[in-house]
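# Coordinate inspection notes
Given next are the chains, with one letter for each unit.
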Amino acid sequence: MVARSSEVRPTAVRHNASPGAGGRRGRGAGRLAGLGLSAGATLVLLTGCDVGAAFDGFGWPQGGISAESRRMYDLWIASCIAALAVGVFVWGLIFWCIIRYRKRGNELPVQTRFNMPMEFLYTIAPILIVSVLFYYTAVVQTDVEKRTANPDVVVEIVAFKWNWQFNYRDGLGKDANTVASVLGTSEVIPVLVLPTNRSIRFEETSKDVIHSFWVPELLFKRDVFPGKIRNEFEISELVTEGAYVGRCAELCGSYHAFMNFELRVVSPQEYDQFLAAKRDGRSTQEALQSIGEDPYATTTRPFETRRTESNFNNAAGTPAGAGR
């Protein structure tokens, strides 16, 4: 009988660290630090220039004319810059891992079950980012929604199908008195005249259905409800004079698309003269001319109702819009 000799087979030995592992770790840490510095430098460069103008506001409308609209715009731009900085950092990590740990042979890279510093970073960093964004959003929202006890100007916005009435009031609430009024018609676009450098309270009510008072340059709109609900908002000041189109932003019926008005922002002195002219019984057009303004809207035009034409039911011979 021949005894079979025992055979010792070589087993694959996996080394946890090769002689050059320390150097590779050092180079990896250096690259990571360099990536972080690059992201930080990019953030500094972005915040040092007019990023909003360079990138068309990142989709946010530009040219706000109130202090609140500019705060909202600044918040949006800062949020986009923060998102870009985080994105560049994450993209950099992804591509660094793809290049650094690509397969070079049969030797496995160092296997790590967990990395406490990295897991701590991935958990805490998102919480900090969301917390900071939430904080500044709450601050700006509170500022936009803030109302004072005694605003300089109070305007009652009355919406109806399909036009606007603007009542200049001597106090707050529905019991205040109207000292002057601007009423829009199918032939004349209503012009709302407001001053710069004064706080303005808007009180909104509707005569029929839900409308929405919207001036795009205010970067803010609020629905106008019928009944006892009086929506209110306030702006601390208008900072840019000019003529700005206003619209109804809530689908309210057949002529919703043509339910426009114009906001005319003038100096405080011209506003006082306009209001005095209205109190003296002048029309809105005469009051506008008295302060050197165009008497009619320049940003939009009246809609054509065609109420006097037989544009439907011709067989019956009934004029459009004729009642029975």
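Quick caveat, the model's predicted, so the values are computed rather than measured. (Residues numbered from 1 in each chain as written. Predicted model: local features only at pLDDT ≥ 70, side-chain atom pairs only at ≥ 80, totals over all residues. Heavy atoms only, no water.)

### Remarks on the packing of aromatic side chains
Here the structure, examined in full by the defined rule, presents 13 aromatic pairs. Residues Tyr135 and Tyr136 carry aromatic rings whose centres are separated by 5.1 Å and whose planes lie at 75 degrees to one another, so their mutual orientation is edge-to-face. On the accessibility criterion, Tyr135 (52% relative accessible area) is exposed. Residue classification places Tyr136 among the partly exposed positions, given a relative accessible area of 47%. (Phe/Tyr/Trp six-rings, centres within 6.5 Å; stacked < 30°, edge-to-face > 60°. Buried < 20%, exposed > 50% of the residue type's maximum accessible area, 1.4 Å probe, protein only.)

### Remarks on the UniProt feature "transmembrane region" (unreviewed entry) in the chain
Following the UniProt record, the feature "transmembrane region" (unreviewed entry) maps to residues 32-55, 75-99 and 120-138 here. Counting secondary structure, residues 75-99 comes out at 100% helix and 0% strand; the distance between its end C-alpha atoms is 36 Å. Annotated as residues 120-138, this span is 100% helix and 0% strand, and its ends, taken at the C-alpha atoms, are 27 Å apart. (UniProt positions renumbered as here; feature names shortened; annotations may be inferred. Helix = DSSP H or I, 4+ residues; strand = E, 2+ residues; numbered from the N terminus.)

### Considerations on the confidence of the model for the chain
With 78% of its residues at a pLDDT of at least 70, the chain reaches an overall mean of 81. Helix H1 (residues 21-47) is the least confidently modelled element of the chain, averaging 50 in pLDDT, while strand S4 (residues 191-195) averages 96, the highest of any element. The low-confidence segment residues 1-19 (pLDDT under 50) makes 3 contacts with residues lying over four places distant or belonging to another chain. (pLDDT = per-residue confidence, 0-100. Contact = heavy atoms within 4.5 Å.)

### Comments concerning the nonpolar core
The biggest cluster of nonpolar side chains holds 51 residues, and the ones touching the most others in it are Trp164, Phe166, Tyr168, Leu192, Leu194, Phe202 and Phe213. At 5 residues, the largest contribution of residues to this core is made by helix H3 (residues 67-100). Split by domain, this core shows at least three residues from each of two domains, domain 1 (51-100 + 118-146) and domain 2 (153-291). (Core = buried A, V, L, I, M, F, W, Y, C linked by side-chain atoms within 4.5 Å. Domains from an automatic or database assignment.)

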